[in-house]
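# Tertiary structure, described
Single-letter residue listing:
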Amino acid sequence: MRPVQALLLWIVSAPLLLAAVIALAWGRFDGFVADALAWGLIALSAVLTRRASLASVPPPENRRFRRFGRTWRLPLRNLAAGLLALGTGTAAVLGIGYPLAIGLGFGAVALLGYHLTYGLEPFWVGESPPAQDKESRAVLEALAEAEDRLINIERAADAIHNRELSTRLARIAELGRGILAQIAERPSDLRRARRFLTVFLEGAEQVSDGYARTHRYADSAELEQNFRTALITIEEQFARQRERLREADVLDLDVQIEVLKKQLDQEGIR
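Residues numbered from 1 in each chain as written. Predicted model: local features only at pLDDT ≥ 70, side-chain atom pairs only at ≥ 80, totals over all residues. Heavy atoms only, no water.

Looking at an unreviewed UniProt entry, one finds the protein chain named 5-bromo-4-chloroindolyl phosphate hydrolysis protein, with Halochromatium glycolicum as its source organism.

Right, here's the structure in full:
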């Protein structure tokens with residue numbers, strides 16, 4: 001949706017603003033309040049719709065996506081739709097004088113029209129993998145918490161205007177997501193990766209969030225270089241941790257092959 005399409009709501013609300021001015025000129029204060037309130041609600045809906053459209057640029061694939069948990073949110077577009085319905089109902093009931101039931105009907109039609117024009121968004125985002133037992137739930141909780149930290153790192157990467165530093169943060173987040181995917185495939189790796197999740201990942205989140213909040217107000221070459229050095233160290237640790245998990249996979253596979261060989265020998269198959 002292009003931001004200019006939000007102008008439709010301003011056009012729809014224009015008669016209410018005109019009606020409010022006329023009511024004030026005629027000395028109908030109650031009519032002025034009703035029409036002004038209805039216009040204000042629809043105008044706020046237009047502002048939120050535009051803001052939602054500006055923020056709806058999709059991030060790269062796998063960015064901001066929750067694989068290990070669901071989270072509730074109130075999308076701006078849904079809030080804008082509710083304000084439009086409320087403003088329409090207010091205009092119908094308080095401005096024109098329709099019964100409440102008819103006003104609710106007008107609001108419902110406005111809500112449907114908004115959905116058809118701009119589209120509503122789900123309140124719950126992400127996936128909720130099934131957990132069969134207590135151990136599985138503990139693993140999913142650890143992965144979901146780590147994923148929240150990675151999403152915060154991705155947000156920090158988007159907030160930093162230095163392309164090099166932003167790209168480094170994005171690579172760190174990609175490596176982190178790869179590590180979480182490996183743990184999800186083999187939950188026993190969680191024990192080996194626990195220190196990584198609680199130390200390095202938390203540290204990466206704190207450093208990236210702190211720099212994203214302060215770099216605009218403290219334009220310092222020394223601060224930038226310190227942050228760059230920290231990112232290089234963090235990226236190396238992330239890559240090393242991922243490689244360790246891969247090596248553990250290979251080691252376990254070798255063990256399984258040796259066990260299978262012994263079983264075949266005992267059965268006289270080899």
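Within the largest apolar cluster, 30 residues are counted, with the highest numbers of intra-cluster contacts made by Leu 169, Ile 183, Leu 197 and Phe 238. When residues of this core are traced back to their parent elements, those giving at least two are helix H5 (134-159), helix H6 (163-185), helix H7 (189-214) and helix H8 (221-266). Membership of the second largest hydrophobic core comes to 15 residues, among which are Ala 38, Ile 42, Ala 80 and Tyr 118. (Core = buried A, V, L, I, M, F, W, Y, C linked by side-chain atoms within 4.5 Å. Buried < 20%, exposed > 50% of the residue type's maximum accessible area, 1.4 Å probe, protein only. Helix = DSSP H or I, 4+ residues; strand = E, 2+ residues; numbered from the N terminus.)

Tracing the backbone shows Ala 14 in helix H1 (residues 7-25). The sequence separation of Ala 14 and Ala 43 amounts to 29 residues, and the corresponding C-alpha distance is 9.2 Å.

Bringing the pattern of salt bridges into the picture now. Close approach of charged atoms allows side chains with opposite charge to pair. Scanning the model with the defined rule gives nine salt bridges in all. We note a salt bridge from Glu 121 to Arg 77, for which the minimum N-O separation is 3.9 Å. Placement of the pair is Glu 121 in the loop between helix H4 (100-117) and strand E2 (124-126) and Arg 77 in helix H3 (residues 76-96), with a sequence separation of 44 residues. Connected through shared salt-bridge partners, Glu 164, Arg 168, Arg 171, Arg 228 and Glu 235 make up one network. (Salt bridge = Lys/Arg side-chain N within 4 Å of Asp/Glu carboxyl O.)

With the rule as written, the count across this model stands at four aromatic pairs. Residues Tyr 114 and Tyr 118 carry aromatic rings whose centres are separated by 4.7 Å and whose planes lie at 50° to one another, so their mutual orientation is tilted. On the numbers, 4.0 Å between centres and 10° between planes, the contact of Tyr 211 with Phe 227 is stacked. In this pair, Tyr 211 sits in helix H7 while Phe 227 sits in helix H8, placing the two residues 16 residues apart along the sequence. A relative accessible area of 7% means that Tyr 211 is categorised as buried. (Phe/Tyr/Trp six-rings, centres within 6.5 Å; stacked < 30°, edge-to-face > 60°.)

Turning our attention to the UniProt feature "transmembrane region" (unreviewed entry) in the protein chain. In the numbering used here, UniProt assigns the feature "transmembrane region" (unreviewed entry) to residues 7-26, 32-53 and 74-94. In residues 32-53, the share of helix is 100% and the share of strand is 0%. The end C-alpha atoms are 31 Å apart. Taken end to end, residues 74-94 is 90% helix and 0% strand, and its two terminal C-alpha atoms sit 28 Å from one another. (UniProt positions renumbered as here; feature names shortened; annotations may be inferred.)

Any segment with low pLDDT has predicted coordinates that should not be analysed in fine detail. Residue-level pLDDT values for the protein chain average 78, and 75% of them are 70 or greater. The least confident element of the protein chain, judged by mean pLDDT, is E2 at 59; the most confident is H3 at 92. In the predicted structure, residues 57-62 sits below a pLDDT of 50 and forms three contacts with residues beyond four places in sequence or in another chain. Every residue in residues 253-257 is under pLDDT 50, and counting partners more than four places away or in other chains gives zero contacts. (pLDDT = per-residue confidence, 0-100. Contact = heavy atoms within 4.5 Å.)

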